[in-house]
Each structure stands twice: as structure tokens, then as C-alpha cells.
Amino acid sequence: MSAFEQELWSRLVAECDADQVILGSPRANSTRLRRRTVVPAAAAAIATASAATLVLTLTTSAQPAYALTRHSNGSVTVTIHDVAKAVPQLNARFRRMGIDETVIPVKEGCSRPGVIDYPGVTMSTSLTFYPHHAHLAPGYDGVLAAEQLQRGKVALLVGSMRPPLPSCLSNVPLKIRR
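Because the structure is predicted, anything quoted here is derived from the model rather than measured.

Quick notes on the rules
- Residues numbered from 1 in each chain as written.
- Predicted model: local features only at pLDDT ≥ 70, side-chain atom pairs only at ≥ 80, totals over all residues.
- Heavy atoms only, no water.
- Core = buried A, V, L, I, M, F, W, Y, C linked by side-chain atoms within 4.5 Å.
- Buried < 20%, exposed > 50% of the residue type's maximum accessible area, 1.4 Å probe, protein only.
- Helix = DSSP H or I, 4+ residues; strand = E, 2+ residues; numbered from the N terminus.
- Contact = heavy atoms within 4.5 Å.
- Phe/Tyr/Trp six-rings, centres within 6.5 Å; stacked < 30°, edge-to-face > 60°.
- Disulfide = S-S within 2.5 Å.

Caption draft 1: Molecular detail of the nonpolar core. Judged by nonpolar contacts, the single largest core of 20 residues is most densely connected at Val78, Ile80, Leu90, Phe94, Val103, Phe129 and Leu144. Among the elements of the structure, β1 (66-70), β2 (76-80), α3 (83-97), β6 (126-129), β7 (141-148) and β8 (154-161) are those that each provide at least two residues to this core. A total of five residues in this core trace back to one element, the largest contributor, which is α3. The residues touching Leu90, leaving out its near neighbours within four places in the chain, are Tyr66, Leu68, Val78, Ile80 and Val103.

Right, dumping it as C-alpha cells:
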């Protein structure tokens, strides 16, 4: 190497914080130097990407309060995971979609007794129903009673009630008239 090349090489090694220079062809030296600077940079990039993925996973993997699917046959499937959060959101979404159903929470301490009328009762954490109840008796509104159970489970009951609809239903006793 010329004195000029040696000076450039020394400055490059110093700037890259390399601890030694391995003599050989300029190409071999530059390859080793690149490896010493690229490996820590790549490790830092991988660590940053992993941390970002972990943060995104932790913040986006929380289960939504509810899920709603409208099917081609006109039916709607609703699944509720968190009654307290889902009721206002779901009722607003039902209105936007033109669905004439109201979700009413069933909870301890509610003063309104739970009286649900319906020709057929279904209880499940997820249920499918048909909006625009042609089968409802005149003067009745469609309701979904939703109760948060232990261990994060939810029970849903589809039925009908005479208006005005209450803001909640008592869970003791829940009466069902067929």
C-alpha cells in the first residue's frame, strides 16, 4: 500500500472502531472491515424490528369487545366478549346498519326484572339472528340480553320486549315467556 492508502486505511479503521487491521489484499481487508461494521448494525436492526413486532402484537392482540358479521342471507351473527364495552358500541352500530335490535345488559343490582318474550330462546356467547322481525308480535321490539359471566364468558339471549326498553335487566330472576 502507498502511504496515502495506508493513511486512508488507518482513518477508516479508526472511524469504524476496529481493533486490528489484517494485512492482505485490499479487497480482503475491506470485506473483514465491512463484516465488523455490518454485523453490529444488523443485530441492532433485528433487535429493533423484534421489539417493534412485540409491541404491536401486545397492543393489537387484545380481543375486541364484540364481533359482528352480516351474512348474504340477511342474517347477522354477533359475538360479545366484553358486555360493558360492547353494548353502547353495538347498539350504535346496529342503528347505522338499520338493524332493529337492541342489546340490553343483564347485571346484578339492576332494578328492572328480566322478562323476555320470544317464541324460541337461544343462549350462547355467539348467536345468529334475522333483523326486521316479521315474526314479532305487534308492539314488541327485538332485544339481545347480554350477561357477563365469570372467567370472561358471556351469555346472550335473543328475544323481544314491549317498549320502553330498559337500560339494564336484572339477572335475578330472568323469566322467559314462550
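Caption draft 2: Layout of the packing of aromatic side chains. Inspection of every chain in the model, using the stated rule, returns one aromatic pair. Here the aromatic rings of Phe94 and Phe129 are separated by 6.0 Å at their centres, their planes lie at 80°, and the arrangement is edge-to-face. Note that Phe94 is positioned in helix α3 and Phe129 in strand β6, a separation of 35 residues in sequence. Each member of the pair, Phe94 as well as Phe129, carries the same accessibility label: buried.

Caption draft 3: Structural view of the state of the cysteines. With the rule as written, the count across this model stands at one disulfide. Shown here is the disulfide that connects Cys110 with Cys168, its sulfur atoms set 1.9 Å apart. Here the disulfide of Cys110 and Cys168 is right-handed, its torsion about the S-S bond being about 90°. With Cys110 in the loop between β3 (101-107) and β4 (114-117) and Cys168 in the loop between β8 and β9 (169-170), this pair connects stretches of sequence that are 58 residues apart. Judged by its relative accessible area of 11%, Cys168 is buried.

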